[in-house]
Every structure is written in structure tokens, then in C-alpha cells.
Amino acid sequence: MASEILLEARNLTKYFPVTKGLIFTKQIGAVKAVDGISFTINKGETFGLVGESGCGKTTTSRLILLLEKITSGTILFQGKDLNEMPRDEFEHYRASVQAVFQDPYSSLSPRMKVGKIIAEPLIINGGLGGKEIEERVASLLDLVGLRKDAPILYPHEFSGGQRQRIAIARALAPDPEIIILDEPVSALDVSIRAQIMNLLREIQKKTQNTFLLIAHDLAVVKHMSNRIGVMYLGKLVEVAESEELCSHPVHPYTQALLSAALPSHPDIVRELIILPGDVPSPLNPPKGCRFHTRCFKPLPICSEQTPPLKEISSGHLVSCHLA
Ligand code: SF4
């Protein structure tokens, strides 16, 4: 059965203007944070976006969350362009997209009790009475594995992992269509990362939610995702099913990322690929393939022409002149 596309990004672009001058400001350039990327997220799947810090994955999630204005390109939700949606459908989209952020210490208000934190999106959306909200909060606490008296406590009375469970319960409260998980375990102790990842997988099985997972660690993304998109300097360089991407990475950057990720089995031995230099500035990205300044097998064409993202086998897309 064909997968149903829930969300689609078409040529999504976000440039942040760089200006000079205090009173009479003049634009002198633009940080090309996200530069014309296209991808789809299917209903009920986890789509992972992976790449080094500054590659544009968090900006992409902020565009989907409407926290940043799109420079050009579009987002389609359930086949409809957000720019052309009537107001009521746009408000429905806003409530349908929730997020869990990296730092459970700063993402929860320290002055609000946990019950209020989780209930807040329900109160804002309206439609439910006090008793129904209390019942919904209790069932969400049960779903994320938190104690029954949690609603009367404050976030500081919980550990980091428990706070992330509170953040997950809050994101689930309005019964969203898609939850953006932005580095959901990277601020947690290594010992509890697996617990939170497994919890998210269990929740997805029960609720059929769709996840967009943003992470820099390919091992985390592989563990959680059905499909993975790899980003480098504002561009998508490879997209494939998780198993396919990790067993047959084609783009040299994906190969390097994978070589640095912890293998899933201690018997798996990989040759570590160390990339030369640093990621170039997104203010002035290299011409041609953006990865050519660090690539370990570049061709003469690579510094001249940008390789298109093309399908090399079913559902496996790569942007590389070698592919
Ligand atoms: Fe390397 Fe060229 Fe492929 Fe870019 S297009 S990844 S520089 S081989």
C-alpha cells in the first residue's frame, strides 16, 4: 500500500540577512541556512534529519513550526499549501505540529506545575471541560510513565529524563499530527537516552503519530527513523530508507558520518573517515557541490556544478556527481 504523505517541503529556503550600520542598515549578505530543500514525511513514520551543527536541520524544523518565516519555497500539509490555506485550516495546522526540544531544563516553565504545563495547549485550544482536561493529563502521564501525583509538582522536582517525559506529554496533549523531536536525547545522560528513545518508539506504536527527528548523531537517527535525510551546509545530500542509507551510503559525507557513528554491533569494524578542514561559512558557501572543499574523492566538475538530488534506486536520492 502506498504511503500517505502528511507533510511536504518543496524548495524550502531560509536566508537570514546580514546587515551593517546601526541606524541606516544595509544588507551586505545572507546566511543561507536552508537552501532549496525538498522532502516528504509520510503519515505514521519517523523521518530523521541528520547533519553537523549549522547544517540547517534545526532551521528546517523552525520553518515547519512557523517559528521562522520562509524566504521561498513552500510547505504542504495533507496536500495543501500553507500559504493558500483558509484561516481555520491554518490554525488546525498550527495545533497539529508540536515539538519536543533538546533541553528539558529550559523548555519547561519553572513557575508552572506539571499539570498546568501539560494542560496548557488543551486550555489554549479550548473545547474541553476541566474534568476532561484532568483525565487527559492523567492518561498522558500514564503513557509517558510518570507518577500520578506529578501534576501538583514543579519541573525542578524531576530528573532530566523525567522532564523530557513531561515535555513529550505536553507535545502529545493536543493530539497532534506530527511531533518535531529536536535533539530529544542529546542533553540527557547517556544512561537514560535509550529509555527516552524506546519510550518515543512505544508511543508512536500506540498513537500512530508522525515524528520528524532532528539529530547530529546518526546512530540515534538510525535507531529511531524509518527514513533519513542527510543535510550539509543547507542542502539535502542524501535521502533513503534507514536500513538502505546505513548499509549502502553513497554520498561521501554520509559515508564519513556513518564511519564516525557507533556501530550497532561490537563486531562491526568500520574505517574512520576523517574529513579535512571545517564546514565552510553558510554566508559564502562554496560554488558547485558544497562538500567539495572537504570531499575525499572530488572530480573536477564538483567545484563548478551543483549536483542535483536524483533518485538512484527506489526511494534512494543522492546529490553527488559520482552517483
Ligand atoms: Fe564529492 Fe563531488 Fe560528490 Fe560533492 S559531488 S560529494 S565533491 S564527489
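Before reading on, note that the structure itself is shown above.
## Overview of the overall build of the chain
Inference 1: Counting its secondary structure elements, the chain contains nine helices and 12 strands.
Inference 2: Over its C-alpha trace the chain gives a radius of gyration of 21 Å, about what one expects of a compact globule, namely 20 Å for 323 residues.
Inference 3: Per-residue burial for the chain yields a buried fraction of 46% across its 323 residues.
Inference 4: Within the chain, contacts between residues separated by at least 24 positions form 63% of all contacts whose residues are at least 6 apart in sequence.
Inference 5: Carbon and sulfur atoms form 52% of the exposed surface of the chain, whose accessible area is close to 16400 Å².
Inference 6: Here the chain holds 35 positive side-chain charges and 35 negative ones, and the gap between their average locations is 5 Å.

## Regarding the pattern of salt bridges
Inference 1: Throughout the structure, instances matching the rule amount to 11 salt bridges.
Inference 2: A salt bridge links Asp35 to Arg290; the shortest N-O distance between them is 2.4 Å. Of this pair, Asp35 sits in strand S2 (residues 26-42) while Arg290 sits in the loop between helix H9 (252-260) and strand S11 (310-313), placing them 255 residues apart in sequence.
Inference 3: Between Arg227 and Glu45 there is a salt bridge whose closest N-O contact spans 2.7 Å. Of this pair, Arg227 sits in strand S9 (residues 227-232) while Glu45 sits in the loop between S2 and strand S3 (46-50); the two residues are 182 residues apart in sequence, bridging distant segments of the chain.

## As for the nonpolar core
Inference 1: The biggest cluster of nonpolar side chains holds 60 residues, and the ones touching the most others in it are Ile118 and Ile168.
Inference 2: With residues up to four places along the chain from it excluded, the contact list for Ile118 reads Val137, Leu140, Leu141, Ile166, Ala169, Arg170 and Ala173.
Inference 3: Listed in part, the 28 residues of the second largest apolar core include Ala9, Ile64, Ile75 and Val239.

## Some remarks on the site of the ligand
Inference 1: Every residue near the ligand is listed here: His251, Pro252, Cys289, Phe291, His292, Cys295, Lys297, Cys302, Pro307, Cys320, His321 and Leu322.
Inference 2: Applying the majority rule of atoms within 2 Å of the grid points places the ligand in the largest cavity.
Inference 3: By residue class, the composition of the shell around the ligand is eight nonpolar, three polar and one charged.

## What to know about the environment of Ile152
Inference 1: You can see Ile152 is positioned in the loop between helix H4 (130-144) and helix H5 (160-172).
Inference 2: Counting along the chain gives 69 residues from Ile152 to Asn83, while the straight-line C-alpha distance between them is 41 Å.

## Some points on helix H3 (residues 114-125)
Inference 1: Here H3 has its buried residues at Val114, Gly115, Ile117, Ile118, Ala119, Pro121 and Leu122.
Inference 2: Where H3 is buried, its residues contact H4 and H5.
Inference 3: Two residues or fewer after H3 comes Gly126, characterised by a positive phi angle close to 70 degrees.

## Remarks on H9
Inference 1: Counting buried positions along H9 yields eight of nine residues, so the element is predominantly enclosed.
Inference 2: Looking only at H9, the buried set comprises Pro252, Tyr253, Thr254, Gln255, Ala256, Leu257, Leu258 and Ser259.
Inference 3: Buried-residue contacts for H9 involve S3, helix H7 (218-224), S9, strand S10 (235-241) and helix H8 (242-247).

## A few points about the sheet that holds strand S12 (residues 316-318)
Inference 1: Sheet architecture is open: eight strands sit in the order S6-S7-S8-S3-S9-S10-S12-S11, paired in mixed fashion. Edge positions in the open sheet fall to strand S6 (97-100) and S11, since each of these has one partner strand only. Taking each pair of neighbouring strands and ignoring which way they run, the sheet shows an average axis angle of 25 degrees.
Inference 2: The pairing of S11 with S12 spans three bridges and is classified as antiparallel. Paired with Lys310 across the bridge in S12 is Val318.
Inference 3: Set on the sheet, H5 makes contact with S6 and strand S7 (178-182); between it and S6 the angle comes to about 180 degrees.

## Let's talk about the environment of Leu140
Inference 1: Residue position: Leu140 is located in helix H4.
Inference 2: Remark: the alpha-carbon pair of Leu140 and Ala169, spanning 29 residues in sequence, is separated by 5.5 Å.

## Regarding a nonpolar patch on the surface
Inference 1: A cluster of nonpolar side chains, contributed by Leu22, Ile23 and Phe24, occupies part of the molecular surface with about 500 Å² of accessible area.
Inference 2: On the basis of relative accessibility, which here comes to 77%, the residue Phe24 falls in the exposed class.

## Structural notes on the packing of aromatic side chains
Inference 1: Inspection of every chain in the model, using the stated rule, returns five aromatic pairs.
Inference 2: Residues Tyr232 and Phe291 carry aromatic rings whose centres are separated by 5.0 Å and whose planes lie at 85 degrees to one another, so their mutual orientation is edge-to-face. In this pair, Tyr232 is assigned in strand S9 and Phe291 in the loop between H9 and S11, connecting sequence segments 59 residues apart.
Inference 3: Residue Phe291 is classed as buried on the basis of its relative accessible area of 2%.
Inference 4: A connected cluster of aromatic rings, assembled from ring pairs, spans Tyr232, Tyr253 and Phe291.

## With respect to the sheet that holds strand S5 (residues 80-81)
Inference 1: Strands sit in the order S2-S1-S4-S5 across an open sheet of four strands; the sheet is antiparallel. Looking at which strands have only one partner, the edges of the open sheet turn out to be S2 and S5.
Inference 2: Note: strand S1 (residues 5-20) against S2, 13 bridges, orientation antiparallel. Note on S2: the bridge partner recorded for Val18 is Gly29.
Inference 3: Sheet strands touched by helix H2 (residues 87-96): S1, strand S4 (72-77) and S5. Its angle to S4, the strand with the most contacts, is close to 85 degrees.

Thresholds, definitions, all that
- Residues numbered from 1 in each chain as written.
- Predicted model: local features only at pLDDT ≥ 70, side-chain atom pairs only at ≥ 80, totals over all residues.
- Heavy atoms only, no water.
- Helix = DSSP H or I, 4+ residues; strand = E, 2+ residues; numbered from the N terminus.
- Rg over C-alpha atoms; globule rule 2.2 N^0.38 Å.
- Buried < 20%, exposed > 50% of the residue type's maximum accessible area, 1.4 Å probe, protein only.
- Contact = heavy atoms within 4.5 Å.
- Areas by Shrake-Rupley, 256 points an atom, 1.4 Å probe, with all protein chains shown as cover.
- Lys, Arg positive; Asp, Glu negative; His and termini not counted.
- Charge placed at Lys NZ, Arg CZ, Asp CG, Glu CD.
- Salt bridge = Lys/Arg side-chain N within 4 Å of Asp/Glu carboxyl O.
- Core = buried A, V, L, I, M, F, W, Y, C linked by side-chain atoms within 4.5 Å.
- Near = heavy atom within 4 Å.
- 1 Å grid on protein atoms, 1.4 Å probe; cavity = no way out; pocket = protein on both sides within 12 Å on 5 of 7 lines; lining within 4 Å.
- Sits in = over half its atoms within 2 Å of the grid points.
- Nonpolar A, V, L, I, M, F, W, Y, C, P; charged D, E, K, R; others polar.
- Pairing = 2+ DSSP bridges.
- Axes fitted to C-alpha atoms, helices over the stretch in contact; angles between N-to-C directions.
- Patch = residues over 30% accessible without salt bridge, like charges linked within 9 Å, V, L, I, M, F, W, Y side chains within 5 Å.
- Phe/Tyr/Trp six-rings, centres within 6.5 Å; stacked < 30°, edge-to-face > 60°.

In short, geometric facts, not functional conclusions.
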